[in-house]
Amino acid sequence: KQWYQRRVREPKNNNFAEWNSVKAEMGSRNKEIHCPRCPSKICLANTATLVEAEMKMSRYKVDAPDEEVVTKFWLLTSLMAFENIGVSHLVENIKFLSCADCEVGPIGWHDINDKTKFYIAAERVRYRAE
């Protein structure tokens, strides 16, 4: 019996959308953002703005390349705007963000030299479907 394995349960009402089905333009506001693996809420709707930025991030899925350049991000201006977020140790002035519940990541990043910019990769999270 594998009773010791941590299991993350999907919500019974799996009412989530992936990035490819979300209609968003640069400068638009976000829908409610959730972890790509578990039902944890990362941030509420209308708390972030879609921006273009470039960051080389390590993979977070087994079948993904070791690193990829991510260019579309949700920008939050305060750490307090998050409902649930984990923060990594410092790596060359960058702290990578992950789900605080299941620790999947990186799903975003923060440059410690600018305390007002927290980026969540648009393609690495799920959205509450309307």
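Thresholds, definitions, all that
- Residues numbered from 1 in each chain as written.
- Predicted model: local features only at pLDDT ≥ 70, side-chain atom pairs only at ≥ 80, totals over all residues.
- Heavy atoms only, no water.
- Pairing = 2+ DSSP bridges.
- Helix = DSSP H or I, 4+ residues; strand = E, 2+ residues; numbered from the N terminus.
- Phe/Tyr/Trp six-rings, centres within 6.5 Å; stacked < 30°, edge-to-face > 60°.
- Buried < 20%, exposed > 50% of the residue type's maximum accessible area, 1.4 Å probe, protein only.
- Salt bridge = Lys/Arg side-chain N within 4 Å of Asp/Glu carboxyl O.
- pLDDT = per-residue confidence, 0-100.
- Contact = heavy atoms within 4.5 Å.
- Polar contact = N/O pair within 3.5 Å; in protein donor to acceptor, adjacent residues only side chain to side chain.
- Core = buried A, V, L, I, M, F, W, Y, C linked by side-chain atoms within 4.5 Å.

**Brief notes about the sheet that holds strand β9 (residues 118–121)**
Logical step 1: Pairing in this open sheet of six strands is antiparallel, and the strands run β4-β5-β9-β8-β7-β6 from one edge to the other. This sheet does not close on itself; its edge strands, each paired only once, are β4 (49–58) and β6 (86–87).
Logical step 2: For β6 and strand β7 (residues 94–98), the ladder comprises two bridges, and the chain directions are antiparallel. Of the residues in β7, the one forming a bridge with V87 is L97.

**Describing the packing of aromatic side chains**
Logical step 1: All chains considered together, the criterion is met by five aromatic pairs.
Logical step 2: With a centroid separation of 6.1 Å and an interplanar angle of 80°, the aromatic rings of F82 and F118 are classed as edge-to-face. A residue pair is termed long-range when its members are at least 10 positions apart, and F82 in the loop between β5 (67–76) and β6 and F118 in strand β9 qualify at 36 residues. Like F118, F82 is buried.
Logical step 3: Between W109 and Y119 the ring centres are 4.3 Å apart and the planes differ by 15°, which places this aromatic pair in the stacked class.

**Details of the pattern of salt bridges**
Logical step 1: Scanning the entire structure with this criterion turns up four salt bridges.
Logical step 2: Put simply, E32 and R128 hold a salt bridge, and the shortest N to O gap is 3.6 Å. Here E32 is found in the loop between β1 (16–17) and β2 (33–34), whereas its partner R128 is found in strand β10 (residues 126–128), with 96 residues between them in sequence.
Logical step 3: One salt bridge connects K117 with D114, and the closest N-O pair in it is separated by 3.9 Å.
Logical step 4: With relative accessibility at 33%, the residue K117 sits in the partly exposed group.
Logical step 5: Taking the relative accessible area as the measure of exposure, D114 reaches 26% and is therefore partly exposed.
Logical step 6: Several salt bridges converge on common partners, so that one network encompasses E32, K41 and R128.

**A look at the confidence of the model for the protein**
Logical step 1: Across the protein, the average pLDDT comes to 84, with 82% of residues at or above 70.
Logical step 2: Per-element confidence in the protein ranges from a low mean pLDDT of 70 for β1 to a high of 96 for β9.
Logical step 3: In this model residues 1–13 is a low-confidence stretch, pLDDT under 50, and it forms 13 contacts with partners more than four residues away in sequence or in other chains.

**Points about the side chain of E32**
Logical step 1: Take E32: its relative accessible area is 18%, and that puts it in the buried class.
Logical step 2: Of the polar contacts made by the side chain of E32, one reaches the side chain of H34; its length is 2.7 Å.
Logical step 3: In this view, E32 contacts K41, C43, L44, A45, R126, Y127 and R128; residues no more than four positions away in its chain are not counted.

**Quick notes on the nonpolar core**
Logical step 1: One finds I42, W74, F82 and I120 to be the most contacted residues of the largest nonpolar core, which totals 22 residues.
Logical step 2: Where this core is concerned, the elements lending two or more residues are β3 (41–43), β5 and β9.
Logical step 3: The contact partners of I120, leaving out residues within four places of it in the chain, are I42, K72, F73, W74, L76, F82, I85, L97, I107, G108 and V125.
Logical step 4: The next biggest cluster of nonpolar side chains, apart from the first, holds 11 residues, and it includes M55, W109, Y119 and A121.

**Describing the environment of L79**
Logical step 1: Within the secondary structure layout, L79 lies in the loop between β5 and β6.
Logical step 2: Taking the relative accessible area as the measure of exposure, L79 reaches 40% and is therefore partly exposed.
Logical step 3: In this structure the C-alpha to C-alpha distance between L79 and K117, which are 38 residues apart in sequence, comes to 8.6 Å.
Logical step 4: Those residues in contact with L79 that sit more than four places away from it in its chain are I85 and F118.

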